[in-house]
Amino acid sequence: MGAGKAAPFLRVRGGGGGDPMDAESGGCGAAGARARNKSWRSEMVLAYQSLGVVYGEVATSPLYVYRSAFAGGDIGHSEGNEEIYGVLSLVFWTLTLVTLLKYVLIVLRADDGGEGGTFALYSLICRRVGAGLLPGAGGDDLKEPRDGGAAAPPPPPTSSVRSALQQRRELQWLLLLFALLGTSMVIGDGVLTPAVSVFSAVSGLKLSMVNEEHQYVLLPVTCVILVGLFALQHFGTHRVGFLFAPIVSLWLLCISVIGVYNIIYWNPHIYKALSPYYMYRFLQKTQVGGWMSLGGILLCVTGSEAMYADLGHFSQSSIKLAFTTVVYPSLILAYMGQAAYISQHHSFEKNHHIGFYVSVPEKIRWPVLGIAILAAVVGSQAVITGTFSVIKQCCSLNCFPRVKIVHTSSTVHGQIYIPEINWILMVLCLAVTIGFRDTKHMANAQGLAVITVMIVTTCLMSLVIVLCWNKNVIFALAFLLFFGAIEAIYFSASLVKFHEGAWVPIILSMIFLMVMCVWHYGTAKKYEFDVDNKVSISWLLDLGPSLGIVRVRGIGLIHTEIMSGIPAIFSHFVTNLPAFHQVLVFLCIKSVSVPHVQPEERFLVGRIGLKQYRLYRVVVRYGYRDVQQDSLEFEKALVSSIAEFIRSGDSDQNGYLDGSDSPYERLSIISKGLPFQEDGEPDGSPESSTLKETNPKLVSSKSRRVRFVLPENAQINSEVRSELQELTEAREAGMSFIMGRSYMKAKSGSSLIKRITINFIYEFLMRNSRSPAYAANVPHVSTLEVGMVCQV
């Protein structure tokens with residue numbers, strides 16, 4: 001190609017100026033570093049904001065803790081007050097030891113690049129150990145990208161625990177199942193928490209209505225509020241987020257003032273019940289009944305896991321500041337105030353009438369009822385959003401069927417909405433509410449879900465202490481035995497209520513766990529099939545530069561799951577189709593087990609064969625909390641990365657190998673793509689030169705001009721110029737997306753369980769799941785789907 005023809009697509013940039021794509025997507029990696037350097041004023045602002053997002057669930061627990069503890073008939077309220085004093089002492093020490101000591105002071109420190117939650121602990125362990133079953137979780141072909149600019153950790157010393165996890169695959173499966181069990185219980189909590197919180201808040205109508213009229217009003221009002229809550233999810237948290245912190249702050253102030261009033265007016269000496277001695281007196285008197293009532297007392301720590309899971313939205317110091325200075329004192333005052341009132345009243349008709357609203361002065365009961373309902377809605381909102389986030393993480397790591405994920409905020413990556421999950425949660429939540437119609441059974445179900453997640457966190461955290469913090473195994477055992485013993489007692493008390501509602505989270509978790517395990521198993525088998533049936537590069541090289549077919553204008557983008565070799569789907573094209581695109585790109589979208597991948601480490605580009613082949617491999621890496629770009633921006637970033645790879649002359653300064661010794665498997669990290677502009681000039685007139693491409697389907701290929709912007713003083717030879725010229729022509733002609741559609745079938749002779757798992761369950765999930773996230777916005781007119789049968 002002559003120099004005159006190459007001129008339109010090259011333009012030298014005269015000055016600095018950053019790439020707008022970096023400005024758009026580069027904030028995630030530096031957020032953690034900036035958060036650690038915030039001033040106290042900024043930390044206080046974050047702490048205030050965390051009240052509405054993090055503490056909505058734990059703040060509303062005073063609505064139903066005492067009611068649940070006394071509702072089962074296991075314990076009564078006697079004149080000696082041993083029961084109420086014992087319950088208060090248990091609540092105080094459970095909040096102090098589990099929430100304050102375990103979560104706030106210890107677990108919050110175990111962040112995965114600023115993120116928290118069960119999956120964050122799992123990915124942290126797998127990466128540090130170098131063994132895992134999920135993509136990018138330690139056993140991946142690609143070197144793990146850095147997260148958020150953090151320095152690479154020093155190589156950990158060898159230990160027996162680390163060696164066992166690396167060498168024994170059954171331990172890796174056990175670790176994964178344990179993490180998935182905790183995740184499925186979190187999803188179950190997303191069903192139960194809105195039902196318990198809203199129903200408990202609305203139950204204040206009982207004391208404000210005569211006779212039995214409340215039984216005709218309580219359930220319909222609760223259902224209406226729940227339907228409204230789930231129906232508003234598609235608007236996004238950010239639309240009403242500015243109201244959340246004031247509502248929770250007002251609620252905490254309200255329960256604190258009422259608590260102080262009840263303490264002063266009814267029983268100023270109630271503080272003595274905080275002594276552990278009263279726990280001993282309580283268990284001594286009530287014995288088995290007291291042990292069974294622990295399932296209700298456990299609800300005082302609901303929301304502790306949510307506090308850890310929402311760590312990515314705030315900093316550690318802001319969450320600690322909000323809990324220790326506002327939330328914890330307010331809850332203690334609220335529980336003490338209720339106990340003070342109940343200790344001076346022994347004429348309740350039924351034990352389950354012992355609750356929050358009986359301790360509220362009658363004159364302010366209606367305003368408090370309104371604030372309580374708003375606070376319950378806020379707490380439920382946070383749990384629902386947290387459930388969405390957990391499912392998104394599972395989808396990113398191939399542990400949940402693909403669902404539609406809508407990002408409701410352009411600034412906060414964690415605010416998402418998943419339509420399918422939202423309506424499933426709503427139906428299940430309404431079914432639980434209508435089916436039980438009281439807080440007793442719903443609280444039993446919620447208690448078991450909460451304590452199961454806590455036990456999973458305790459076990460994973462003990463591994464983090466040894467494997468990630470490099471502490472002596474004695475510290476891990478001390479952590480595991482101390483907190484594990486406390487939680488095991490509560491777990492046994494919750495499990496014994498199996499027939500009284502505790503079966504609900506077990507059934508829900510088993511269903512979600514089965515779905516996640518089947519999806520992960522089927523996806524892993526499909527990946528193994530792709531790897532086993534990939535075509536060798538030597539076969540491709542034997543075809544010659546033309547690949548044995550006619551090369552036409554345009555870019556062919558072939559999606560594949562493998563990162564080396566040629567996917568089997570491509571052999572179908574070159575053997576059955578008479579023509580293919582002049583530029584071929586094998587694209588692999590890789591989800592890795594870090595929260596965020598820095599933009600400068602996102603694209604890895606390599607060449608397949610000689611330069612005349614015009615074959616490229618691009619691996620794009622996303623963290624499990626990253627937001628994938630839309631199709632137009634992604635196309636631009638992809639083309640600019642390939643162009644920079646061509647311009648840099650295949651320099652391997654920043655290159656790396658993905659584990660293969662072949663020179664054609666080398667991938668270079670493209671930290672910044674070569675910028676380019678696309679202008680529409682349909683008739684060559686000066687007026688039309690200002691047109692911008694807003695919709696690729698509305699602009700003809702002849703009117704699209706691509707001009708790469710080269711760095712100042714850039715020197716390129718004729719061969720590179722020719723390759724860039726061909727890339728621009730292909731971009732002008734358009735891009736086609738070739739996607740494979742795999743139909744999974746178990747091999748003949750497989751076991752019955754495998755045939756059912758693959759042929760029926762996994763195929764059903766495949767048919768009813770969404771397309772991959774990177775293909776969600778691809779124009780259908782540019783998409784070609786090819787079906788293949790995979791015998792696994």
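Just so we're clear, the structure is a prediction, and the values are computed from it rather than from any experiment.

**So, the overall build of the protein**
Then step 1. Helix and strand content of the protein: 27 helices and 14 strands.
Then step 2. Expressed as a percentage of its 792 residues, the buried residues of the protein come to 55%.
Then step 3. A fraction of 84% describes how many contacts in the protein between residues 6 or more apart in sequence connect residues 24 or more apart.

**So, a nonpolar patch on the surface**
Then step 1. Residues V473, I474, L477 and L481 make up a contiguous nonpolar surface patch of roughly 400 Å² in combined accessible area.
Then step 2. With respect to the secondary-structure elements, V473 resides in helix α21 (residues 473-495).

**Some details on the side chain of T439**
Then step 1. Relative to the elements of secondary structure, T439 occurs in helix α20 (residues 439-467).
Then step 2. Look past the residues within four positions of T439 in its chain and what remains in contact with it is R67, S68, F199 and S200.

**Some words on the packing of helix α7 (residues 82-104) against α20**
Then step 1. One can describe the packing of α7 onto α20 by two numbers: an axis separation of 12 Å at closest approach and a directional angle of 35°. Crossing angle aside, the handedness with which α7 passes α20 is left-handed. Contacts from V98, K102 and Y103 in α7 reach M454, T457 and T458 in α20.
Then step 2. When grouped by side-chain class, the residues that make up the contact of α7 with α20 number three nonpolar, two polar and one charged.

**Focus: the packing of aromatic side chains**
Then step 1. Taken as a whole, this structure holds 18 aromatic pairs when the rule is applied.
Then step 2. The interplanar angle of 75° and the centroid separation of 5.6 Å between the aromatic rings of Y277 and Y278 together place this pair among those described as edge-to-face.
Then step 3. Given the relative accessible area of 22%, Y278 is considered partly exposed.
Then step 4. Their ring planes at 75° and their centres at 5.3 Å tell us that F356 and Y357 sit as a pair that is edge-to-face.
Then step 5. The exposure class assigned to F356 is buried, which follows from its relative accessible area of 2%.
Then step 6. Its relative accessible area of 2% is what places Y357 among the buried residues.
Then step 7. Ring pairing ties together the aromatic residues Y261, Y265, W266 and Y341, which thus form one cluster.

**With respect to the side chain of H581**
Then step 1. Within the secondary structure, H581 sits in strand β5 (residues 579-592).
Then step 2. In contact with H581, other than residues within four places in its own chain, are R551, V552, R553, G554, I555, G556, S736 and I738.

**Looking at helix α18 (residues 365-396)**
Because an α-helix completes one turn every 3.6 residues, residues spaced three or four positions apart along the sequence face the same direction.
Then step 1. The terminal C-alpha atoms of α18 lie 46 Å apart, and with 32 residues this matches the ideal 46 Å at 1.5 Å per residue to within 8%.
Then step 2. Within α18, 25 of the 32 residues are buried, leaving the element largely enclosed by the surrounding structure.
Then step 3. Among the residues trailing α18, N398 stands out with phi positive, at a value near 60°.

**Considering empty space enclosed by the protein**
Then step 1. In this structure the tally under the stated criterion is six cavities of 30 Å³ or more.
Then step 2. Taken as a whole, the largest cavity holds about 380 Å³ of empty space.
Then step 3. As for the largest cavity, its lining consists of 29 residues, and the residues nearest its centre are V186, E305, A306, A309 and V390.
Then step 4. If you list the elements that add at least two residues to the lining of the largest cavity, you get α8 (118-129), α10 (169-202), α16 (304-309), α18 and α20.

**So, the nonpolar core**
Then step 1. Judged by nonpolar contacts, the single largest core of 161 residues is most densely connected at Y55 and W251.
Then step 2. It is α20 that contributes the most residues to this core, 16 residues altogether.
Then step 3. Sequence-distant contacts of Y55, defined by excluding residues within four places in its chain, comprise S50, V248, M307, I319, A322, F323 and V327.
Then step 4. Residues L587, A643, L727 and F737 belong to the second largest nonpolar core, which totals 31 residues.

**Points about the environment of I537**
Then step 1. In this fold, I537 is placed in helix α23 (residues 537-541).
Then step 2. Residue classification places I537 among the buried positions, given a relative accessible area of 9%.
Then step 3. When the C-alpha positions of I537 and S564 are compared, they lie 9.0 Å apart, and in sequence the two are 27 residues distant.

**Structural notes on the pattern of salt bridges**
Then step 1. Counted by the stated rule, this structure contains twelve salt bridges.
Then step 2. Ionic pairing is found between E83 and K285, a salt bridge with its closest N-O pair at 3.0 Å. Of the two residues, E83 is situated in helix α7 and K285 in helix α13 (residues 277-286); the sequence distance between them amounts to 202 residues.
Then step 3. With relative accessibility at 44%, the residue K285 sits in the partly exposed group.
Then step 4. For R607, the salt bridge is made with E723, and the minimal N-O distance between the two is 2.6 Å. Of the two residues, R607 is situated in strand β6 (residues 603-607) and E723 in helix α26 (residues 718-733); the sequence distance between them amounts to 116 residues. Like E723, R607 is buried.

**Quick look at unusual backbone geometry**
Then step 1. A positive phi is found at R437, a non-glycine position, where the angle reads about 60°.
Then step 2. Counting through the fold element by element, R437 comes out in the loop between α19 (419-436) and α20.
Then step 3. On the basis of relative accessibility, which here comes to 53%, the residue R437 falls in the exposed class.

**Things to note about the environment of C300**
Then step 1. With respect to the element layout, C300 can be found in the loop between α15 (294-297) and α16.
Then step 2. On the basis of relative accessible area, C300 is assigned to the buried category, the value being 0%.
Then step 3. Between the C-alpha atoms of C300 and G447, which are 147 residues apart in sequence, the distance is 9.5 Å.
Then step 4. For C300, the residues in contact, after removing those within four places along its chain, are V58, S61, V65, V91, T94, L95 and Y335.

**Regarding α20**
Then step 1. For α20, built from 29 residues, the straight-helix expectation of 42 Å at 1.5 Å per residue is met to within 8% by its first-to-last C-alpha distance of 41 Å.
Then step 2. For α20, the tally of buried residues reaches 24 of 29 residues, placing the bulk of the element in the interior.
Then step 3. Near the N-terminus of α20, the side chain that reaches the backbone nitrogen of K440, with its oxygen 3.2 Å away, is that of D438.

**Side note on the pairing of strand β7 (residues 615-623)**
Each regular strand displays side chains that alternate between the two surfaces of the sheet.
Then step 1. Buried residues dominate β7, accounting for nine of its nine residues.
Then step 2. In β7, alternate side chains face the same way, and those of L615, R617, V619, R621 and G623 on one face and Y616, V618, V620 and Y622 on the other are all buried.
Then step 3. Pairing of β5 with β7, which is carried by nine bridges, proceeds in the parallel orientation. Among the inter-strand pairings, K590 is bridged to a residue of β7, identified as R621.

**Quick notes on the confidence of the model for the protein**
Then step 1. With 77% of its residues at a pLDDT of 70 or more, the protein has an overall mean of 78.
Then step 2. Counting contacts from residues 136-142, a segment whose pLDDT is below 50, to residues more than four positions away or on other chains yields 29 contacts.
Then step 3. Within the model, pLDDT remains below 50 along residues 680-703, and this stretch shows 25 contacts once partners closer than five positions in the same chain are excluded.

**A word on the pairing of β6**
Then step 1. Across the five residues of β6, five count as buried, placing the element largely inside the fold.
Then step 2. Here β6 shows two buried faces, one formed by F603, V605 and R607 and the other by L604 and G606.
Then step 3. Relative to strand β9 (residues 666-670), β6 is paired through three bridges, and the arrangement is antiparallel. In the sheet register, F603 faces β9, and the bridge partner there is I670.

**Some remarks on the packing of helix α22 (residues 503-532) against helix α27 (residues 752-767)**
Then step 1. In contact at an axis separation of 10 Å, α22 and α27 are set at 100° when each is read in the N-to-C sense. Comparing their axes, α27 and α22 come out roughly perpendicular. On α27, the residues that touch V515, V518, W519, Y521, G522, T523 and K526 of α22 are K754, T757, I758, I761, Y762, L765 and M766.
Then step 2. Class assignment of the residues belonging to the contact of α22 with α27 gives a composition of nine nonpolar, three polar and two charged.

**Thoughts on the environment of E305**
Then step 1. Position of E305 among the secondary structure elements: in helix α16.
Then step 2. Sequence separation of E305 and V107 is 198 residues, and the distance between their C-alpha atoms is 9.8 Å.
Then step 3. Contact partners of E305, with chain neighbours within four places excluded, come to Y103, T118, V453, M454 and T457.

The rules behind the values
Residues numbered from 1 in each chain as written. Predicted model: local features only at pLDDT ≥ 70, side-chain atom pairs only at ≥ 80, totals over all residues. Heavy atoms only, no water. Helix = DSSP H or I, 4+ residues; strand = E, 2+ residues; numbered from the N terminus. Buried < 20%, exposed > 50% of the residue type's maximum accessible area, 1.4 Å probe, protein only. Contact = heavy atoms within 4.5 Å. Patch = residues over 30% accessible without salt bridge, like charges linked within 9 Å, V, L, I, M, F, W, Y side chains within 5 Å. Areas by Shrake-Rupley, 256 points an atom, 1.4 Å probe, with all protein chains shown as cover. Salt bridge = Lys/Arg side-chain N within 4 Å of Asp/Glu carboxyl O. Axes fitted to C-alpha atoms, helices over the stretch in contact; angles between N-to-C directions. Left-handed = near helix turned anticlockwise from the far one by under 90°. Nonpolar A, V, L, I, M, F, W, Y, C, P; charged D, E, K, R; others polar. Phe/Tyr/Trp six-rings, centres within 6.5 Å; stacked < 30°, edge-to-face > 60°. Expected span 1.5 Å × (residues − 1). 1 Å grid on protein atoms, 1.4 Å probe; cavity = no way out; pocket = protein on both sides within 12 Å on 5 of 7 lines; lining within 4 Å. Points joined across faces, edges and corners; volume = space filled by probe spheres on them. Core = buried A, V, L, I, M, F, W, Y, C linked by side-chain atoms within 4.5 Å. Polar contact = N/O pair within 3.5 Å; in protein donor to acceptor, adjacent residues only side chain to side chain. Pairing = 2+ DSSP bridges. pLDDT = per-residue confidence, 0-100. Parallel < 35°, antiparallel > 145°, perpendicular 65-115°, else oblique.

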